[in-house]
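Chain and residue survey
Now for the letters of each chain:
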Amino acid sequence: MEERRPEAVIDFWFRELAPAQWFRKDPALDAEIARRFGDWLAAAGRGEFWQWRGSARGRLAEVIMLDQFPRHIYRGAAQSFSWDPLALVLAQEAVAQRADRLLDVPWRAFLFMPYMHSESLIIHDEALRLFAQPGLEESLRHEHRHREVLERFGRYPQRNAALGRDSTFEERAFLAQPGSAF
């Protein structure tokens, strides 16, 4: 069995990929992440990467696996959100232990991303504080946009189809607008 090291995730996400690839829909990239890290994601979901939590980079790698990789591997399906609660708890623990302070500022955005993905306004109160750091202005702008959607609908209507939730008339009208997708 190959050795599973946090640096493999960090190197892939921050060195192999260009920032433009992180959020763009790309079936080839989604398949590559599934091929390389699909088994790792399943293991992370079972808590098997607990040893990584001894370092800030290890925590970040685990959060990226649980928060970002499912959005690629299971794009458009309910499973893309399955690991969100675990990713959020791990991010909260990292912040409580001030591990975020040991990361390069641009990397912190990915440690904080589970806060932005939460459908809880209480969590978004903390997200606003975290993303208000110098160097994270673009992420803060996205956080404000996410929070506005939650304040308006109480959830992310963009997830309704994947999660089998019925959309309200207002949500359907919103989703029909250009730029409504995240």
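I will try to describe carefully the structure that is included in this document. These numbers come from a predicted model, not from an experiment.

1. So, the overall build of the protein chain
- A tally of regular secondary structure across the protein chain gives 11 helices and zero strands.
- Going residue by residue from the N terminus, the α and β elements of the protein chain occur as α-α-α-α-α-α-α-α-α-α-α.
- For 182 residues, the compact-globule formula gives about 16 Å, and the C-alpha radius of gyration of the protein chain, at 16 Å, lands near that figure.
- Its C-alpha atoms put the protein chain at 50 × 35 × 30 Å along the principal axes.
- Expressed as a percentage of the 182 residues in the protein chain, the buried residues total 46%.
- For the protein chain, restricting intrachain contacts to residue pairs at least 6 apart in sequence, the fraction spanning at least 24 positions comes to 60%.
- Summed over its atoms, the accessible surface of the protein chain is roughly 9300 Å², and 54% of this surface lies on carbon and sulfur atoms.
- Of the side-chain charges in the protein chain, 25 are positive and 27 negative, and the distance between the mean point of each set is 1 Å.

2. Observations regarding the side chain of N160
- Along the chain, N160 falls in helix α10 (residues 160–163).
- Once residues within four sequence positions are removed from consideration, N160 is found in contact with R155, R165, D166, S167 and E171.

3. Focus: the pattern of salt bridges
- Evaluation of the coordinates by the stated rule reveals 20 salt bridges.
- The shortest N-O distance in the salt bridge between D11 and R15 comes to 2.5 Å. Placement of the pair is D11 and R15 together in helix α1 (residues 6–16), with a separation of four residues, close to one helical turn.
- For D11, a relative accessible area of 28% puts it in the partly exposed group.

4. Considering the packing of aromatic side chains
- Inspection of the entire model under this criterion finds 19 aromatic pairs.
- With a centroid separation of 4.9 Å and an interplanar angle of 40°, the aromatic rings of F37 and F69 are classed as tilted. Here F37 is found in helix α3 (residues 27–45), whereas its partner F69 is found in helix α5 (residues 69–73), with 32 residues between them in sequence. Like F69, F37 is buried.

5. Observations regarding the nonpolar core
- Membership of the largest hydrophobic core comes to 47 residues, with the highest contact counts inside it found for V9, W13, F14, L60, F69 and Y115.
- Sorting the residues of this core by element identifies α1, α3, α4 (56–67), α5, α6 (84–96), α7 (105–117) and α8 (121–131) as the ones contributing at least two each.
- Here this core takes eight residues from α7, the largest share from any one element.
- If you look at the next biggest cluster of nonpolar residues, it comprises five residues, including V149, L150, F153 and F174.

6. So, the environment of L41
- Its place among the elements puts L41 in helix α3.
- For L41, a relative accessible area of 1% corresponds to the buried category.
- A C-alpha to C-alpha distance of 19 Å links L41 and K25, two positions 16 residues apart in sequence.
- With residues up to four places along the chain from it excluded, the contact list for L41 reads M65, L66, P70, I73, Y74 and W83.

7. Some points on unusual backbone geometry
- Phi at R98 takes a positive value of approximately 65°, unusual for a residue other than glycine.
- Tracing the backbone through its elements, the reader meets R98 in the loop between α6 and α7.
- The exposure class of R98 is exposed, given its relative accessible area of 54%.

8. Observations regarding α8
- Along α8, the positions that sit buried rather than exposed are I123, H124, A127, L130 and F131. End-on view of α8: buried residues confined to an arc of 110°, all on one side of the axis.
- Of the surrounding secondary structure, the elements contacted by the buried residues of α8 are α6, α7 and α9 (137–153).
- In this structure S120 caps α8, since a side-chain oxygen of it lies 3.3 Å from the backbone nitrogen of I122.

So, how was this worked out
- Residues numbered from 1 in each chain as written.
- Predicted model: local features only at pLDDT ≥ 70, side-chain atom pairs only at ≥ 80, totals over all residues.
- Heavy atoms only, no water.
- Helix = DSSP H or I, 4+ residues; strand = E, 2+ residues; numbered from the N terminus.
- Rg over C-alpha atoms; globule rule 2.2 N^0.38 Å.
- Buried < 20%, exposed > 50% of the residue type's maximum accessible area, 1.4 Å probe, protein only.
- Contact = heavy atoms within 4.5 Å.
- Areas by Shrake-Rupley, 256 points an atom, 1.4 Å probe, with all protein chains shown as cover.
- Lys, Arg positive; Asp, Glu negative; His and termini not counted.
- Charge placed at Lys NZ, Arg CZ, Asp CG, Glu CD.
- Salt bridge = Lys/Arg side-chain N within 4 Å of Asp/Glu carboxyl O.
- Phe/Tyr/Trp six-rings, centres within 6.5 Å; stacked < 30°, edge-to-face > 60°.
- Core = buried A, V, L, I, M, F, W, Y, C linked by side-chain atoms within 4.5 Å.
- Arc of directions from axis to C-beta.
- Polar contact = N/O pair within 3.5 Å; in protein donor to acceptor, adjacent residues only side chain to side chain.

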